[in-house]
Amino acid sequence: MAKRLFCSSLRIQDAACIRGNRLLFQGFSVSLTAGEVLRLAGPNGAGKSSLLRMIAGALPCASGGIFWDEADILENGRATHNGRFSFLPADDRDLKLLETAEENLHFWARLWALADAGAAVSASLKVMGLCAVASAPVRILSAGQKRRLSLARMVMKQSPLWLMDEPFNALDDAAIGFLSQALSAHLAAGGMAVLATHHHPDIAGMKTAYLSAPAPAVAA
């Protein structure tokens, strides 16, 4: 898969999140530039998944703001912002169980109007080590293989920002290796990533933000 070269920045300034009249966090600030990765840590219910959705523009900030290249993320419309990120949910509910792994990726490649969809699908299957099961129905895949397929979909979009909710779920050591290589290539191309995870990946220069209401702290 040809690597795109990215050069963008993401800044979160004094953001607060309220869900169901409950304050999850407030005063959250952090910034990312090309080639950087942020790990969101904290107890269950601290707001890690909610923050990912705020960055995606799917949830509003109760206060503060989120900026892409110093402009509000939705300033140029939701469609423009949707093209900037790939989102990995905590589960694999978006997979079509009766279709093959390859057919699943072709669906998303067409939806995103990717150039040379066939090559993009083949490359993403290879990146996540799924070539041997490309023709298998998703319903018979293991939990780890389904997770790798969701990751392959994220990789295939080639967006500058990866938003990843518990990306290591169900992955064995070999699959973690595939993900680590893909992430390293993404960062080397100037991409950025935000990971909400209880794992402690060994990524050089990774920032960690600890979420716990009312005031999360950020450490380099």
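Numbering of residues starts from 1 in each chain and follows the order in which that chain's sequence is written. Only residues with pLDDT of at least 70 are given local features in this predicted model, and only at 80 or more are side-chain atom pairs given and counted; all residues enter the totals for whole chains, interfaces and linings. To get the side-chain values, take all heavy atoms of the structure and skip hydrogens and water.

Colleague: Got a minute to help me understand the environment of serine 122 in this structure?
Modeller: By the criteria applied, helices consist of DSSP H or I runs no shorter than four residues and strands consist of E runs no shorter than two, each listed in order from the N terminus. Residue placement: serine 122 occurs in helix α4 (residues 117-127). Exposure is judged per residue with a 1.4 Å probe applied to protein chains only, and the accessible area is read against the type maximum: over 50% gives exposed, under 20% gives buried, and values in between give partly exposed. Owing to a relative accessible area of 41%, serine 122 belongs among the partly exposed residues under this scheme. Serine 122 sits 42 residues away from threonine 80 along the chain, and the two C-alpha atoms are 26 Å apart.

Colleague: Could you clarify how one ought to interpret the nonpolar core in this entry?
Modeller: It is characteristic of soluble globular proteins that their nonpolar side chains tend to be buried jointly. Counting 37 residues, the largest nonpolar core has Leu151, Trp162 and Met164 as the members making the most contacts within it. Those elements giving two or more residues to this core turn out to be α3 (101-111), α4, α5 (143-157), β7 (161-165), α6 (173-188) and β8 (192-196). Here, residues are in contact when the closest pair of their heavy atoms is within 4.5 Å. In contact with leucine 151, not counting residues within four places along its chain, are Leu88, Met128, Met164, Pro167, Leu171 and Leu179. Judged by nonpolar contacts, the second largest core, of 28 residues, contains Ala15, Ile66, Phe85 and Leu211. Among the buried residues, those of types Ala, Val, Leu, Ile, Met, Phe, Trp, Tyr and Cys that are joined through side-chain atoms within 4.5 Å form a nonpolar core.

Colleague: Would you take a moment to explain the pattern of salt bridges for this structure?
Modeller: A pair can form between side chains of opposite charge whenever their charged atoms are brought close. Just to be clear on terms, a salt bridge is a Lys or Arg side-chain nitrogen sitting within 4 Å of an Asp or Glu carboxyl oxygen. Applying the stated criterion to the full structure yields five salt bridges. For arginine 53, the salt bridge is made with aspartate 165, and the minimal N-O distance between the two is 3.8 Å. Of the two residues, arginine 53 is situated in helix α1 (residues 48-55) and aspartate 165 in strand β7; the sequence distance between them amounts to 112 residues. Aspartate 91 is the salt-bridge partner of arginine 93, the closest N and O atoms lying 2.7 Å from each other. Residue arginine 93 is classed as exposed on the basis of its relative accessible area of 66%.

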